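What follows is the residue order along each chain.
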Amino acid sequence: MSTKQISGSEILLKSLVDQGVDTIFGYPGGAVLPIYDAMFQQNQIRHILVRQEAGAVHAAEGFARSTGKAGVVLVTSGPGATNAVTGLADAFMDSIPVVCLTGQVPTHLIGNDAFQEADTSGITRPCTKHNYLVKDVNDLARVVQEAFYVAQSGRPGPVVIDLPKDVLMAMSTYTTPEKKLKHRSYQPQVRGDHALIKQAVKLMASAKRPVFYCGGGVINSGPTASRRLTQLVRDTGFPITLTLMGLGAYPASDKQFLGMLGMHGTYEANLAMHGCDVMIAVGARFDDRITGKISEFAPNAKIIHIDIDPSSINKNVEVDIGIVGDCASVLGDMQKLWDATPNKPSKKSLNAWWEQIAIWQARECLRYKQEGDVIKPQYAIERLYEHTKKRKDVFITTEVGQHQMWAAQFFHFDKPNHWMTSGGLGTMGYGLPAAMGVQVAHPDALVVDIAGEASILMNIQEMSTIAQYRLPVKAFILNNEYMGMVRQWQELLHGGRYSESYMESLPDFVKLAESFGAVGLRATKADEVDDVIKEMIAIDKPVLADILVDKTENCFPMIPSGSAHNEMLLGPEDEAEKQISEEGMVLV
Amino acid sequence: MSDQTERKHTIAVLVDNEPGVLARVIGLFSGRGYNIESLTVAPVDTDDNLSRINIVTSGTPMIIEQIKAQLSRLVPVHQIKDLTVDGPSVERELALVKVKGKGEKRVESLRIADIFRAQVIDSSNDSFVFEVVGSTDKLNAFIDLMKPLGLVDVSRTGVVAIARGAKGIRSKKK
């Protein structure tokens, strides 16, 4: 037991180091000055100075998703904390482990409407997995250890530690904590119920039209889960579809992969979901973007659902077998039971199912026409994929909108943790800071933010951070001078009244890049795309590549809101025939 | 289609007695649009620093299952018990009821109080405060009867409930 008296700030930093933290994304301010002072006097933790606190949280998310470790954020009280809220809500929806340290006014001023005071624990309570207000310096080390445990165990998520300034300056002792923390109340169930897993495998063995539907939970569980999933899917011979968050959990290049499902998923994936008799959902949460009209979702399916969060099971869709447990653990148990199952589905019955799927695949739902000079956004992403697919170290982030869906459709991921996108919250402005966080964690990798011109402007200030730390992040901007997804919905649902979705007075992205010390590139014609991509990759500096694409291209296929999986619009030809219902218009 | 009938459930939640824990529970109910019909909270174990929250809520079986799963996700929650479905239980509520009146009405209120086994805990020349204990229905009935007799104020505790038999909420973790 150490008896040396050190300050709360020093205890905080020592605790972080003991949790394996080497990088913090943050922004200083009055309430956290003691931490910044302590940080100045050590060299174990690297601080990345962002330009706005939202950028810090998204960067920490990118860092976390690409490494599997918790991302750490440090912001000041009041506006520092409120600016971080969007990022926290984003991490909460997508289950990303983030520990966010917020400054707070001294304890005796709490509640006095002091300068830069906000009720941070109150504001962040509904958008974090848990939060703490530390009122006694002697609790600080335990709280930090607990916060990392909570953020990273079970279904991961963001945790806030609110730190009053007097606590940071108070003196106490520090002892390195025991490695393993046994939490008083929070002990998520990791092993799945064996009897239920047995039932599930039996059901799988009796399937005639099975499908695996897997999501971000597989990625969050770690690379073992992806490996086991891949093994099990291959051994069963079943088709598999992945959610937006799950891309990379199963190799996209494999022939059993049907592509992404959901609102902008492939025809074959959605129809396989609609027509299946056994669905095996792993680490996915039956989100409304996935299910479409819930009353017509997979009408003939027996559903097996594996999730570490009991509240995900039977939330939106009632399932037949709900297994609470970690994906990797449950998939491992399933594999053993599957190997020992004598009566597996006959090749013949599965063949009929695969033949049906082949008919759906023959519709080529992602087909588009690249003709003439005008760059189709799909083409730009396809070319980006072609030029980068041989590299092993490519990380893609996105903003939110049409470009995000095209990236999900046309960029293919064979490995987990290489795709970061804002799925649940749908946060425009996520991609650039997230790419920054990924690049900090993987300095030599190729990190590309596939962006839209509207989204990227929401956190464009982070170009300054990128410049400061010489992070060679590439922003590949599909510039259609519209908020593309808003425009698309206005076209399809609101009679083509393009209310406020046109981006006037856009910056010249090439000059903007130059002003930040980055390189600006531009492609205006289809035959320039390859050269711009090659140049972008070759340059060892941050790049803004402004790709001027077809302004009115729509993202297809599409399940209009309020419709079922088998009511997809495949392309512009379908639009006139299938009118979107009033009921659907109310939904988002 | 799943069972769509809404039913009243009494759920007991054992939590860490710490600041903000009640706000977490209430925030969960308001944020996700669940009903709270009654809520009581008090420390029950000072050694282990635990409080017990009793919530009366209503919903379809799927909603009730969601409520329990969502509650169990909260970090300071130790134990949850649905007293309505996990075996038999007893429920009580206490009300303090102030009635103002003179003459026959005053006598009548005393007579009814006697039937309901309510105690008089304060009395003045023209008022009584009754303490009545029992089920929510019994309290409602008593209060209804007091209305024409000069009901002034009601203060109720909300429902407290406990499982019948020897087993405690902490015996055998779910």
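Conventions and cut-offs
- Residues numbered from 1 in each chain as written.
- Chains lettered and ligands numbered in written order.
- Predicted model: local features only at pLDDT ≥ 70, side-chain atom pairs only at ≥ 80, totals over all residues.
- Helix = DSSP H or I, 4+ residues; strand = E, 2+ residues; numbered from the N terminus.
- Buried ≥ 20, exposed ≤ 12 C-beta atoms within 10 Å, placed from the backbone.
- Contact = placed C-beta atoms within 7 Å.
- Rg over C-alpha atoms; globule rule 2.2 N^0.38 Å.
- Nonpolar A, V, L, I, M, F, W, Y, C, P; charged D, E, K, R; others polar.
- Pairing = 2+ DSSP bridges.
- Axes fitted to C-alpha atoms, helices over the stretch in contact; angles between N-to-C directions.
- Expected span 1.5 Å × (residues − 1).
- pLDDT = per-residue confidence, 0-100.

Trainee: Before we go on, may I ask you to explain the overall build of chain B in this structure?
Mentor: Tallying secondary structure elements over chain B gives four helices and nine strands in all. Ordered by position in the sequence, the α and β elements of chain B form the string β-α-β-β-α-β-β-α-β-β-α-β-β. Dimensions along the principal axes, computed over C-alpha positions, put chain B at roughly 55 × 45 × 35 Å. Residues classed as buried in chain B amount to 26% of the 174 residues present. In chain B, 75% of the contacts between residues at least 6 apart in sequence involve partners at least 24 apart.

Trainee: What exactly am I supposed to notice about the overall build of chain A here?
Mentor: A count of helices and strands for chain A gives 24 helices and 20 strands. A compact globule built from 588 residues would reach a C-alpha radius of gyration of about 25 Å, and chain A, at 24 Å, matches this within 12%. For chain A, the C-alpha atoms occupy an extent of roughly 75 × 60 × 45 Å along the three principal directions. Residues classed as buried in chain A amount to 55% of the 588 residues present. Considering only contacts in chain A between residues 6 or more positions apart, those separated by 24 or more positions represent 77%.

Trainee: Where do I start with the interface of chain B and chain A in this structure?
Mentor: The accessible area lost on association of the parts is a frequent measure of interface size. Of the residues lining the interface, 18 residues belong to chain B; the matching set on chain A comes to 13 residues. Mapped onto the side of chain B that touches chain A, the elements with two or more residues apiece are helix 1 (21-31), helix 2 (61-73) and strand 4 (77-82) of chain B. The greatest single-element share of the side of chain B that touches chain A, amounting to seven residues, is contributed by helix 2 of chain B. Here the side of chain B that touches chain A is composed, by residue class, of six nonpolar, eight polar and four charged.

Trainee: Could you clarify how one ought to interpret the sheet that holds strand 3 (residues 50-59) of chain B in this entry?
Mentor: Within a beta sheet, neighbouring strands are joined by backbone hydrogen bonds and run either parallel or antiparallel to one another. Residue and element names in this part refer to chain B. As summarised here, the arrangement of the four strands in space is 2-3-1-4, forming an open sheet in which the pairing is antiparallel. On the outer flanks of this sheet lie strand 2 (38-45) and strand 4, each paired with one strand and no other. Taking each pair of neighbouring strands and ignoring which way they run, the sheet shows an average axis angle of 20 degrees. Alignment of strand 1 (residues 7-16) against strand 3, held across ten bridges, turns out to be antiparallel. When the sheet's bridge partners are listed, Lys8 is paired in strand 3 with Ser58. Together, strand 1, strand 3 and strand 4 form the strand contacts of helix 2, whose direction differs from that of strand 4 by roughly 160 degrees.

Trainee: Sorry if this is basic, but what is going on with helix 3 (residues 104-115) of chain B here?
Mentor: An α-helix turns once every 3.6 residues. As a result, residues three or four positions apart point the same way. Compared with an ideal rise of 1.5 Å per residue, which puts twelve residues at 16 Å, helix 3 of chain B spans 17 Å between its outermost C-alpha atoms and is within 8% of the ideal. Immediately beyond the C-terminal end of helix 3 of chain B, within one or two residues, lies Arg117(B), with a positive phi of roughly 55 degrees.

Trainee: What's the story with the confidence of the model for chain B in this structure? I'm lost.
Mentor: The predicted coordinates of low-pLDDT regions are not to be read in fine detail. The pLDDT averaged across chain B works out to 94; a share of 97% of its residues lies at or above 70. As a predicted assembly, this complex carries a pTM of 0.95 together with an ipTM value of 0.91.

Trainee: Explanation requested: helix 2 of chain B in the structure shown.
Mentor: For helix 2 of chain B, with 13 residues, the first-to-last C-alpha span of 19 Å sits near the 18 Å given by 1.5 Å per residue. Those residues of helix 2 of chain B lying buried are Ile63(B), Ile64(B), Gln66(B), Ile67(B), Lys68(B), Gln70(B), Leu71(B) and Arg73(B).

Trainee: Looking at this model, I keep getting lost on the pairing of strand 13 (residues 302-307) of chain A. Mind explaining?
Mentor: Looking along a regular strand, one sees side chains alternate from face to face of the sheet. Residue and element names in this part refer to chain A. Across the six residues of strand 13, five count as buried, placing the element largely inside the fold. In this structure, strand 13 lies alongside strand 14 (residues 321-324), joined through four bridges in parallel fashion. Within the sheet, the bridge partner assigned to Asp307 lies in strand 14 and is Val324.

Trainee: Would you mind going over the sheet that holds strand 6 (residues 130-133) of chain A with me for this structure?
Mentor: All names here are of chain A. With parallel pairing, six strands are arranged side by side in an open sheet as 3-2-4-5-7-6. In this open sheet, the two edge strands, each paired with only one partner strand, are strand 3 (46-49) and strand 6. Across the sheet, the axes of successive neighbouring strands diverge by a mean angle of 20 degrees, strand direction being ignored. As defined by bridge partners, strand 5 (residues 98-104) adjoins strand 7 (residues 158-164) across seven bridges and the pair is classed as parallel. In the sheet register, Gln104 faces strand 7, and the bridge partner there is Pro164. Taken strand by strand, helix 4 (residues 79-93) contacts strand 4 (71-75), strand 5 and strand 7, and its axis lies near 160 degrees from that of strand 5.

Trainee: Teacher, can you tell me more about unusual backbone geometry here?
Mentor: A negative phi angle characterises most non-glycine residues, just as the trans form characterises most peptide bonds. Residues and elements named next belong to chain A. The residue after Phe556, namely Pro557, is reached through a cis peptide bond having omega -5 degrees. Positive phi is not limited to glycine here, since Arg470 has a value of about 50 degrees. Take Arg470: there are 12 C-beta atoms within 10 Å of it, and that puts it in the exposed class. Phi angles above zero are rare outside glycine, and Glu481 is one such case at about 60 degrees. Secondary-structure assignment places Glu481 in the loop between strand 18 (474-479) and helix 20 (484-493).

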